[in-house]
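Chain by chain, the residues:
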Amino acid sequence: MFENIPDPLRTSLPAAEKHNHKTNLLDRWTESGAWWEERIQHKIDPYQKYSTSRVGSFIEGAHRDGSTFAGHNFASQDYLSLASHPSLMKAAKDAIDIYGLHSAGSAALMGNTKLSVELERRLASFLGYEDAVLFPIGWAAGYGAVKTLVGPTDHVVIDILAHACTQEAARDATPNVHLHSHLNLKAVENRLARIRRDDPSGGILVVTETLFSMDSDVPDLAAMQEICRKYDATLLVDCAHDLGSHGKTGRGILEDQDMVGKVDILVGAFSKSFASMGGFVATNNKGFRFALRGQCGPSTFTNAMSPIQAAVVLAALDVIEGDEGRERREKLMHNSNRLRAGLEEAGFEVLGKPSAVVPMLIGDVLLARLMTRYAVELGGIVNLVEHPAVARNACRWRLQVMADHSDAQIDAMIEIAAKAREMAEMHCEWLSANDNSEKVRRFMPANETTGNVAAE
Ligand SMILES: Cc1ncc(COP(=O)(O)O)c(C=O)c1O
């Protein structure tokens, strides 16, 4: 009734390090290439699909083998449903007419336009800073800010679940990277005290996020900023996932915590609620802002954000700051709460606090891969997150809610999740009964799941 899933596909991604005995660098990837190919053949690789229609609450797409699908879209980052908003589309078209498509160079040369400079100032005033610096992608903003600020003898104290852009920058900047357990203020303070005791004059950067998107949880930012001041450390906060989509006025978690304009360095992205691409760093330190423009690899030595991106973000800000933005955020929160409640009622463990992201824990990697396959076949388009993005056997769906989802779509997604779990469990049971492979684990109830690993 069900097809067999070979043993290697029941575990996490094979690491290239495993094949390091091979001298030729490309040869090291041969085995993992075959592994991915096999996943595609068995329809348990959700990472190669693409859309064939506009981003919306319902979407059509295809797999690379040409097969197509359509369904309720819980896999986009367009939280406010602005991707086809008439005023944003018009802004993009007008920008093309005025500025062309662009290849004008780095922001440090002639790559910036009147629109990007206007956006920097507008953002800064929205966020409570003197000025901001744009980057062509959000990843570059996080990476560039950390790498520019931190030297090889400095320290970075960073939440173990912080985004790859800041983690990688920290490792590239200094050997002194101190991971602390997730959201653990005590661990941050203990580490800062120890660093200051051993290295009284070293620079220290503390890195966190407003909303952690794999868990939908938040740190106490006021307390973190206070601890940083106590030890003369600098705080950098990434607000990629909640800026625009959260808070009464769209200023995100910062607004909930009365911290707008109060953290040392704010980093963000336009690839979520702004229906565009690009990122920014906002800070009141003029020298650091100049350094980000003129001495920062992913800003200085790459082309600037295009005028189309800047125009779309400006138009998105108009919506976000107005009544329409408030209404869209209210609808988004209604949808998020409805989805959370329905999933919990269906027996799923939903992590964190209400936000545009609804992380639904599944646990076992094979079960999660099969559930994702069946969900897409049933018309629920979801993102599977597996190791190394989260801890082993803490696989989850990161369901991303949109303002335009209807109640009926939310209810349909809950039903699809339950049905997909049933089908995946039956498949796992069949595998256990029909071959001699390692025993396949079944859906784990909430109190048996592993959660995230913690350092410290
Ligand atoms: C917390 C965080 N920071 C930065 C980024 C990078 O943003 P972008 O996709 O715009 O490069 C992301 C998103 O993917 C993110 O989740």
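Criteria and thresholds
- Residues numbered from 1 in each chain as written.
- Predicted model: local features only at pLDDT ≥ 70, side-chain atom pairs only at ≥ 80, totals over all residues.
- Heavy atoms only, no water.
- Helix = DSSP H or I, 4+ residues; strand = E, 2+ residues; numbered from the N terminus.
- Buried < 20%, exposed > 50% of the residue type's maximum accessible area, 1.4 Å probe, protein only.
- Pairing = 2+ DSSP bridges.
- Axes fitted to C-alpha atoms, helices over the stretch in contact; angles between N-to-C directions.
- Contact = heavy atoms within 4.5 Å.
- UniProt positions renumbered as here; feature names shortened; annotations may be inferred.
- Phe/Tyr/Trp six-rings, centres within 6.5 Å; stacked < 30°, edge-to-face > 60°.
- Lys NZ or Arg CZ within 6 Å of the ring centre and 35° of its normal.
- Core = buried A, V, L, I, M, F, W, Y, C linked by side-chain atoms within 4.5 Å.
- Domains from an automatic or database assignment.
- Right-handed = clockwise from strand over helix to strand, strands pointing away.

**Observations concerning the environment of Asn190**
Within the secondary structure, Asn190 sits in helix α6 (residues 185–198). On the basis of relative accessibility, which here comes to 37%, the residue Asn190 falls in the partly exposed class. In this structure, the C-alpha to C-alpha distance between Asn190 and Tyr79, residues 111 residues apart in sequence, is 37 Å.

**So, the sheet that holds strand β7 (residues 204–209)**
Pairing in this open sheet of seven strands is mixed, and the strands run β4-β10-β9-β8-β7-β5-β6 from one edge to the other. Each edge of the open sheet is held by one strand with a lone partner, namely β4 (131–135) and β6 (177–180). For this sheet, the mean inter-axis angle between neighbouring strands, taken without regard to orientation, is 20 degrees. Across the sheet, helix α7 (residues 221–230) touches β7 and β8 (234–238), and the angle it forms with β8 is around 155 degrees. Here helix α9 (residues 286–294) sits on the sheet in contact with β4, β9 (265–269) and β10 (279–283), set at roughly 15 degrees to β4.

**What to know about the UniProt feature "domain: Aminotransferase class I/classII large" (unreviewed entry) in the protein chain**
Per the UniProt entry, the sites bearing "domain: Aminotransferase class I/classII large" (unreviewed entry) are residues 73–415 in this numbering. Along residues 73–415, the helical share is 44% and the strand share 16%, with 14 Å between the first and last C-alpha atoms.

**Here we look at the packing of aromatic side chains**
For the structure on display, the rule yields six aromatic pairs. Geometrically, the ring pair formed by Trp35 and Trp36 is edge-to-face, given 5.1 Å between the ring centres and 85 degrees between the ring planes. Overall, the relative accessible area of 24% leaves Trp36 in the partly exposed class. Between Trp36 and Tyr47, the ring centres sit 6.1 Å apart and the planes meet at 80 degrees, which makes this aromatic pair edge-to-face. Within this pair, whereas Trp36 is found in helix α1 (residues 30–41), its partner Tyr47 is found in the loop between α1 and β1 (50–51), the two being separated by 11 residues in sequence. Of the aromatic side chains, those joined through ring pairs into one cluster are Trp35, Trp36 and Tyr47. The ring of Phe348 carries the charged tip of Arg421 above its face, separated from the ring centre by 4.1 Å.

**Observations concerning the sheet that holds strand β14 (residues 384–385)**
With antiparallel pairing, the four strands of this open sheet are ordered in space as β11-β12-β15-β14. Among the strands making up the open sheet, the edge pair consists of β11 (349–350) and β14. Across two bridges, β11 lies against strand β12 (residues 357–363) in antiparallel orientation. Paired with Glu349 across the strands is Leu361, a residue of β12. Where helix α12 (residues 323–345) meets the sheet, it contacts β11, β12 and β15 (395–400), and its direction lies at approximately 20 degrees from that of β12.

**What about the environment of Glu118?**
Following the sequence through the fold, Glu118 ends up in helix α3 (residues 114–127). Remark: the alpha-carbon pair of Glu118 and Cys395, spanning 277 residues in sequence, is separated by 42 Å.

**Re the nonpolar core**
Membership of the largest hydrophobic core comes to 94 residues, with the highest contact counts inside it found for Leu119, Val206, Leu266, Phe280, Leu339, Leu343 and Trp397. No fewer than three residues from each of domain 1 (39–73 + 324–448) and domain 2 (86–321) sit in this core. With residues up to four places along the chain from it excluded, the contact list for Leu119 reads Leu134, Phe270, Met305, Ala310, Val313, Leu314 and Leu317.

**Observations concerning the pairing of β8**
Burial runs high along β8: four of the five residues are buried. Relative to β8, β7 is paired through five bridges, and the arrangement is parallel. Looking at β8, one finds that Thr208 is bridged to Val237. Following the chain from β7 across α7 to the adjacent parallel β8, one finds a crossover that is right-handed. The pairing of β8 with β9 spans three bridges and is parallel. What sits directly across from Asp238, in β9, is Val267.

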